[in-house]
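Observations on the three-dimensional arrangement
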Amino acid sequence: DHSVVTAVMHLAVYIPWYQRDQAPRVSRWFTYLLNKFVLHGNWCQEDGCMDDGAKPWDWTGSVDIYKQWLKRAKMVKYGQCWVFAGILVSALRSLGIGSCVVTNYNSAHGRPPYNK
């Protein structure tokens, strides 16, 4: 989609020129840039804590997120891990970097005991 490519080109200027030919570095940079500039994460569980934005489970694709970001020029609210994964894959694929989302069902993120 044109909006994804446009957004990715806006973000790519933050990547040092000497790292732009290294797919792993570009991937890591986009992980950082999307979190810093494009999508605001929110893992709250209280009622109403996401009323000032879209709930992460309401997104049906990354194009709408990029369009909103380009239109408003501020971070889009809200995303969680799978939404970040989707916008990252879209960004990397728009650059020709093969990528896919991998799901982890048993990470126990945020639940003690952490090392079992």
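Structure first, text after, so check above.
Rules behind the numbers
Residues numbered from 1 in each chain as written. Predicted model: local features only at pLDDT ≥ 70, side-chain atom pairs only at ≥ 80, totals over all residues. Heavy atoms only, no water. Patch = residues over 30% accessible without salt bridge, like charges linked within 9 Å, V, L, I, M, F, W, Y side chains within 5 Å. Areas by Shrake-Rupley, 256 points an atom, 1.4 Å probe, with all protein chains shown as cover. Salt bridge = Lys/Arg side-chain N within 4 Å of Asp/Glu carboxyl O. Helix = DSSP H or I, 4+ residues; strand = E, 2+ residues; numbered from the N terminus. Buried < 20%, exposed > 50% of the residue type's maximum accessible area, 1.4 Å probe, protein only. Disulfide = S-S within 2.5 Å. Arc of directions from axis to C-beta. Contact = heavy atoms within 4.5 Å. Axes fitted to C-alpha atoms, helices over the stretch in contact; angles between N-to-C directions. Parallel < 35°, antiparallel > 145°, perpendicular 65-115°, else oblique. Nonpolar A, V, L, I, M, F, W, Y, C, P; charged D, E, K, R; others polar. Pairing = 2+ DSSP bridges. Right-handed = clockwise from strand over helix to strand, strands pointing away. Polar contact = N/O pair within 3.5 Å; in protein donor to acceptor, adjacent residues only side chain to side chain.

Things to note about a nonpolar patch on the surface
Together, V5, M9 and L95 make up a nonpolar patch on the protein surface, roughly 230 Å² of accessible area in all. Along the polypeptide, M9 turns up in helix α1 (residues 2-12). The exposure class assigned to M9 is partly exposed, which follows from its relative accessible area of 44%.

Side note on the state of the cysteines
All told, the structure shown has 1 disulfide when counted by the stated rule. Across the disulfide, C44 is cross-linked to C49 (sulfur-sulfur distance 1.6 Å). Because the torsion about its S-S bond is 75°, the bridge between C44 and C49 counts as right-handed. The class of C44 is partly exposed, set by a relative accessible area of 21%. With relative accessibility at 25%, the residue C49 sits in the partly exposed group.

A few points about helix α3 (residues 62-72)
Inspection of α3 places S62, I65, Y66 and W69 among the buried residues, and these make up the whole buried set. Axial view of α3: buried residues confined to an arc of 95°, hence all on one face. For α3, the exposed residues lying more than 90 degrees away from the buried face are K71 and R72. Buried residues along α3 sit against α1, α2 (23-38), β1 (39-41), β2 (76-79) and α4 (81-94). Positive backbone phi, approximately 60°, marks A73, located one or two places after α3.

Quick look at the packing of α3 against α4
The interhelical angle for the contact between α3 and α4, taken along N-to-C directions, is 80°, at an axis separation of 9 Å. Accordingly, the angle class assigned to the pair α3 and α4 is roughly perpendicular. Within the contact between the two elements, α3 uses S62, I65 and Y66 and α4 uses V83, G86, I87, S90 and A91. Class assignment of the residues belonging to the contact of α3 with α4 gives a composition of 5 nonpolar, 3 polar and no charged.

Here's the deal with the pairing of β2
Sheet analysis places β1 next to β2, joined by 3 bridges and oriented parallel. Along β2, the bridge assignment pairs G41 with G79. Following the chain from β1 across α3 to the adjacent parallel β2, one finds a crossover that is left-handed.

With respect to the side chain of N42
As for its position among the elements, N42 is in the loop between β1 and α3. Using a relative accessible area of 10% as the deciding quantity, one classes N42 as buried. At a separation of 3.5 Å, a polar atom in the side chain of N42 contacts the main-chain carbonyl oxygen of C49. Here N42 is in contact with C49, M50, P56, Y78, G79 and Q80, once residues within four sequence places are set aside.

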